[in-house]
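Next come the chains, spelled out residue by residue.
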Amino acid sequence: MIRFSFWNSIAGYFQSIAKKLSRRAEHSLTEKTDQDFVFEVIGEKRFPNATQLKYLTKFYSPTELLISKIALFLALASSLALGILLYQNNLVRKPAEGGEYAEAVIGAPTYINPLFAQTNDVDQDIARLVFGSLMKLDENGNLVADLAERYDIDPLATTYTFTLHPGARWHDGEPLSAQDVLFTVQSIQDQSFKSPLYVTFRNVRVQAPDERTVSFTLAEPFAPFLSVMTFGILPEHLWQDVDPAHAILAELNLKPVGSGPYRFGQFVKDKNGNIKEYRLERFDEYYGPGPFIKDLTLKFFGSFEEAYAAFESGNVDGIGFLPQHQTPANTDQAAVHKFSLPQYTALFFNQAANPALKEKEVRLALSLATDKRGIIDSAFGGDALPVAGPILPGMLGYAQTKSATLFDPAQAEKLLDDAGWKRERPESEDAEAAGAAIVTRGSTTLGTQGEEQLPYTRTKNNAELALTLTAIQRDDSIIVAETLRDLWQGIGVKVNLNIVEIASIQKDIIKPRAYEVLLFGQIIGKDPDPYPFWHSSQANDPGLNLALYQNKAVDALLEDARKTSDAATREQKYAAFQTQLSQDVPAIFLYSLQYAYLTPENLKGIATERINHPSDRFANIASWYIKTKKRLQF
């Protein structure tokens, strides 16, 4: 009985389920639920639209709906926070076009022409900004292509082929072609132009087989050839009608047309006709990137003191060269950049101007009486490197010459004694006059000066041992000159100082070789090719042999070193050259300095580390900027 009831209950349960299912089926045939409507509206679409979303509440319970709203809020808040974070982290200030920069430089422009600019730093500064060249130096002092898109060197290292950049144009809008390069080199080779580059290119054959290709064929290998391809290119269509014999008088020398990042705007003269400033404008069709700065002005001054006064008064924004001892007063608004520079300062003897200097014993005695370390300490606070020769440490062919760095005044006195230069004690009434050294500015005598009285003078064949030391009018150079005067007068050599303004040193002193002993710095370039500075063919202007040094053996060594690209052979030739130079003492090598450059704090983008010439401070001028814009960067 019990068993029957159990099975009867089970049967009743399943019958009730069947009835419910039957009623649901009947209901589904007659009525549609809200969910059915939703799915019917959606159809086969994967995602609902905005109108359909209102039916979501039919699926969710109140709790589920609340959770969904909270989740949606958190998602929106997180997205907003993430967006703000991405914006802040990727918003950077980028260089923008605009702004003006005015720089003070010492000197004055003469010929803004790459064929003549080698002898004037100001000319080179402007030419560097206005003219493009086949090769140029980057901010690290390395050679890179400029107007040349690429170049090739043949296996014999005698033919260099350059392919020009297709987008290069002149400032007047004309396209730049290989014919312009050909014309420029042929002008250099024309002696009527009197270009200092003539010696380098006189035996070079240049060809332009098409509009974008130019090749140079050398008679023999010349290792530094690629480094000399940094000269600016002239526009043939403007220069072809200029008589080479009168090229130096052409108006284009002062109103240049080039292909560089900046074009000539105008120059300003004072009432005496002296050019006081040069204004350059951004060249919008420049083939390279940039530049950003719109207007660039160079203002010219006769001395650093005048230039620094202009900087302090706000008349200029920067100074092209900052002497080693000088520090800007307001460091918050100024930045000092120091560049490595292949330069040395030396004392060059003009033996033709003073018979006493023809004696090797006199030159050697002056060298032994020169305290290089003392000079560096007094003039530069110890911040300079003493040097003993024309090839600097770290350069190909450098050789330490210990004998040239000795400071031995006692030995110097003995040399002069043995050479017949007799000591003469000055009479008491003439002692003051004997101990006073004449100091002049240019050719005008300003008075006498003699902090260190001569203990005695020297004579030989009724001639007094006296010389004139010429230096530029700059504080550190004057300190060096005065220190040398005191050192040399200590061994009986009377020294007169001739202090010359920087602006006139080239024209009045160096070009005519109007000096007996010249305190001057020479920049030798990245490749230590001493030929332009010590070969006998360079003894006269526009050559750079300031000691007027002539030695046939040295000439042969320098010529042979130029012909080989083998580093070991060049090292050997340069070592022999330095040994001979040290023995002949045509000059006294003193020190090497870094190049300091003063700019305003808001001038950015200067990445230069090494320069081969002061004009190379503009090596990455296209990247300099003053103005900025906020931009997103991912």
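This text follows the structure it describes.
Just so you know, these numbers come straight off a predicted model, no measurement behind them. Position numbers for residues start from 1 in each chain and track the written sequence from start to end. For this predicted model, a pLDDT threshold of at least 70 governs which residues receive local features, and a threshold of 80 or more governs which side-chain atom pairs are given and counted, while totals over whole chains, interfaces and linings are taken from all residues. With hydrogens and water set aside, each side-chain value is computed from the structure's full complement of heavy atoms.

What's the story with the overall build of the protein chain in this structure? I'm lost.
The number of helices and strands found in the protein chain is 17 helices and 26 strands. The burial tally for the protein chain puts 46% of its 634 residues in the buried class. Contact criterion: two residues are considered in contact whenever any of their non-hydrogen atoms come within 4.5 Å of each other. Look at the contacts in the protein chain between residues 6 or more apart in sequence, and 69% of them connect residues 24 or more apart. For every accessible area listed, the method is Shrake-Rupley and the probe measures 1.4 Å; residues are considered covered only by the protein chains on display. As displayed, the protein chain has an accessible area near 31600 Å², and 51% of this comes from carbon and sulfur atoms. Here a strand is any run of E in DSSP of at least two residues, a helix any run of H or I of at least four, and the numbering for each starts at the N terminus. Exposed residues in this analysis have more than 50% of their type's maximum accessible area, buried residues have under 20%, and partly exposed residues fall in between, with area computed by a 1.4 Å probe over protein chains only.

Looking at this model, I keep getting lost on helix α9 (residues 360–368). Mind explaining?
Structurally, the α-helix is built with 3.6 residues per turn, so residues lying three or four positions apart point the same way. Taken together, the buried positions of α9 are V362, R363, A365, L366, S367 and L368. Against β14 (343–349), α11 (409–418), β21 (466–472), α13 (475–489), α17 (567–584) and β24 (587–592) lie the buried residues of α9.

Teacher, can you tell me more about the packing of α9 against α11 here?
For any two helices packed against each other, the geometry is given by the interaxial angle and the distance between the axes. Running from N to C, α9 and α11 point in directions that differ by 165°, and their axes come no closer than 8 Å. Considering their axes alone, α9 and α11 lie roughly antiparallel with respect to each other. In terms of crossing hand, the pair formed by α9 and α11 is left-handed. Here E361, V362, L364, A365 and L368 of α9 lie close against α11, whose contacting residues are P409, Q411, A412, L415 and L416. In this classification, the charged set is Asp, Glu, Lys and Arg, the nonpolar set is Ala, Val, Leu, Ile, Met, Phe, Trp, Tyr, Cys and Pro, and all remaining amino acids, among them Gly, are polar. Each residue belonging to the contact of α9 with α11 can be placed in one class, and the counts come to eight nonpolar, one polar and one charged. Axis lines are fitted to C-alpha atoms, over the contacting stretch for helices. Their N-to-C directions set the angle, which ranges from 0 to 180 degrees. An angle counts as roughly parallel when it lies under 35 degrees, as roughly antiparallel when it exceeds 145, as roughly perpendicular when it falls between 65 and 115, and as oblique in every other case. When the near helix sits turned anticlockwise from the far one by under a right angle, the crossing is termed left-handed; a clockwise turn instead gives a right-handed crossing.

Help me out: how do you make sense of the sheet that holds strand β6 (residues 159–164) in this one?
Hydrogen bonds between backbone atoms are what pair the strands of a sheet, whose relative direction is either parallel or antiparallel. Strand order in the open sheet made by the four strands is β5-β6-β8-β7, with antiparallel pairing throughout. Unpaired on one side and paired on the other, β5 (148–153) and β7 (205–210) mark the two borders of the sheet. Between one strand axis and the next, the sheet turns through 20° on average, direction left out of account. Two strands pair under a simple rule: DSSP has to find at least two bridges between them. As judged from the four bridges shared by β7 and strand β8 (residues 213–217), these two strands associate in the antiparallel manner. In the sheet register, V206 faces β8, and the bridge partner there is F216. In the packing of helix α5 (residues 178–189) onto the sheet, the strands contacted are β6, β7 and β8, and the crossing angle to β7 comes to about 165°.

How should I be thinking about a nonpolar patch on the surface in this particular structure?
Together, L66, I70, F73 and L74 make up a nonpolar patch on the protein surface, roughly 430 Å² of accessible area in all. Assignment of secondary structure puts I70 in helix α3 (residues 62–90). Residues forming no salt bridge and having over 30% relative accessible area are the ones grouped into patches, like charges within 9 Å of each other and nonpolar side chains (Val, Leu, Ile, Met, Phe, Trp, Tyr) within 5 Å. When a carboxyl oxygen of Asp or Glu is within 4 Å of a side-chain nitrogen of Lys or Arg, the pair counts as a salt bridge.

I keep staring at the packing of aromatic side chains and nothing clicks. Help me out?
Between rings of Phe, Tyr and Trp, where Trp is taken as its six-membered ring, a pair exists when centres lie within 6.5 Å; planes separated by under 30 degrees are stacked, by over 60 edge-to-face, and by other angles tilted. Going through the model one piece at a time under the given rule, you end up with 27 aromatic pairs. Note on F201 and F231: the rings are 5.2 Å apart at their centroids and 75° apart in plane angle, and the pair reads as edge-to-face. Taken as a pair, F201 in helix α6 (residues 198–201) and F231 in the loop between β8 and α7 (236–239) lie far apart in primary sequence, 30 residues in all. For the pair F201 and F231, a shared accessibility class is recorded, and that class is buried. Put simply, the rings of Y151, Y160, F162, F201, F216, F222, F225 and F231 pair up and form one aromatic cluster. Note that R562 overlies the ring of Y531, its terminal NZ or CZ placed 4.0 Å from the centroid. We call a charge positioned over a ring when the NZ of a Lys or the CZ of an Arg lies within 6 Å of the ring centre and within 35 degrees of the ring normal. Looking at R617, its charged tip hangs above the ring of Y597, at a distance of 5.4 Å from the centre.

Just checking my understanding: could you explain the pattern of salt bridges for this structure?
Any two side chains of opposite charge can pair if their charged atoms end up close together. This structure, assessed with the given rule, holds 22 salt bridges. In this structure, the salt-bridge partner of E149 is R150, at a minimum N-O distance of 3.7 Å. Judged by relative accessible area, R150 falls into the partly exposed class, the value being 47%. Counted as one network, the salt bridges with shared partners bring together E413, D417, R423 and R458.

Would you mind going over the packing of helix α16 (residues 552–563) against α17 with me for this structure?
One can describe the packing of α16 onto α17 by two numbers: an axis separation of 9 Å at closest approach and a directional angle of 160°. Judged by the inter-axis angle, α16 sits roughly antiparallel to α17. Note that α16 runs across α17; the crossing there is left-handed. Where α16 abuts α17, its residues V554, L557, L558, D560 and A561 lie against R570, K573, Y574, A576, F577 and Q580. In terms of residue class, the contact of α16 with α17 is built from seven nonpolar, one polar and three charged.

Can you walk me through the side chain of R617 in this structure?
Secondary-structure assignment places R617 in the loop between β25 (595–600) and β26 (627–632). Engagement of the side chain of R617 in a polar contact is seen with the backbone oxygen of P614, the distance being 2.9 Å. Discounting chain neighbours no more than four positions away, the residues touching R617 are E103, V105, D125, G320, F339, Y595, Y597, T608, I611 and W624. Throughout this description, a polar contact denotes any pair of N or O atoms lying within 3.5 Å of each other; where both atoms belong to protein, one of them has to be capable of donating a hydrogen while the other can accept it, and for residues adjacent in sequence the pair is counted only when both atoms sit in side chains.

Sorry if this is basic, but what is going on with a negative patch on the surface here?
Together, E305, E306, D475 and E501 make up a negatively charged patch on the protein surface. Structurally, the position occupied by E501 is in the loop between β22 (494–500) and α14 (502–510). Looking at E501, the relative accessible area reads 42%, which means it is partly exposed. None of His or the chain ends enter the tally, which takes Lys and Arg as positive and Asp and Glu as negative. The atoms used to mark charge sites are NZ of Lys, CZ of Arg, CG of Asp and CD of Glu.

Quick question: what am I supposed to make of the pairing of strand β10 (residues 275–282) here?
Strand residues, when the strand is regular, have side chains that alternate between the two faces of the sheet. Sheet analysis places strand β9 (residues 262–269) next to β10, joined by seven bridges and oriented antiparallel. Residue K269 lies in a different strand from β10, and its bridge partner there is I275. Counted along the chain from β9 to the antiparallel partner β10, the turn is five residues long, and its residue G273 has a positive phi close to 90°. Strand direction decides the pairing type here: β10 and strand β11 (residues 295–301), joined by five bridges, are antiparallel. If you follow E277 over to β11, its bridge partner there is K299.

Explain the sheet that holds strand β16 (residues 422–424) to me, please; I cannot follow it from the model alone.
On the basis of which strands lie adjacent, the open sheet formed by three strands has the order β16-β19-β20 and antiparallel pairing. Taken across any chain shown, the strands that pair with only one partner, and hence form the sheet edges, are β16 and β20 (463–464). Of the strand pairs in this sheet, strand β19 (residues 457–460) and β20 are connected by two bridges, and their pairing is antiparallel. Within β20, the position partnered with T459 by the bridge is E464.

Mind showing me how you'd approach the nonpolar core here?
Note on soluble globular proteins: their nonpolar side chains tend to be buried together. We define the nonpolar core as a collection of buried residues of types Ala, Val, Leu, Ile, Met, Phe, Trp, Tyr and Cys that are connected through side-chain atoms lying within 4.5 Å of one another. Counting residues in hydrophobic clusters, the biggest one holds 71 residues, and the most contacted among them are L134, F162, F201 and F216. Filtering out sequence-adjacent residues up to four positions away, L134 remains in contact with A145, D146, L147, A148, F162, L164, V181, F216, M229 and F231. I106, A334, A346 and F589 belong to the second-largest nonpolar core, a separate cluster that totals 46 residues.

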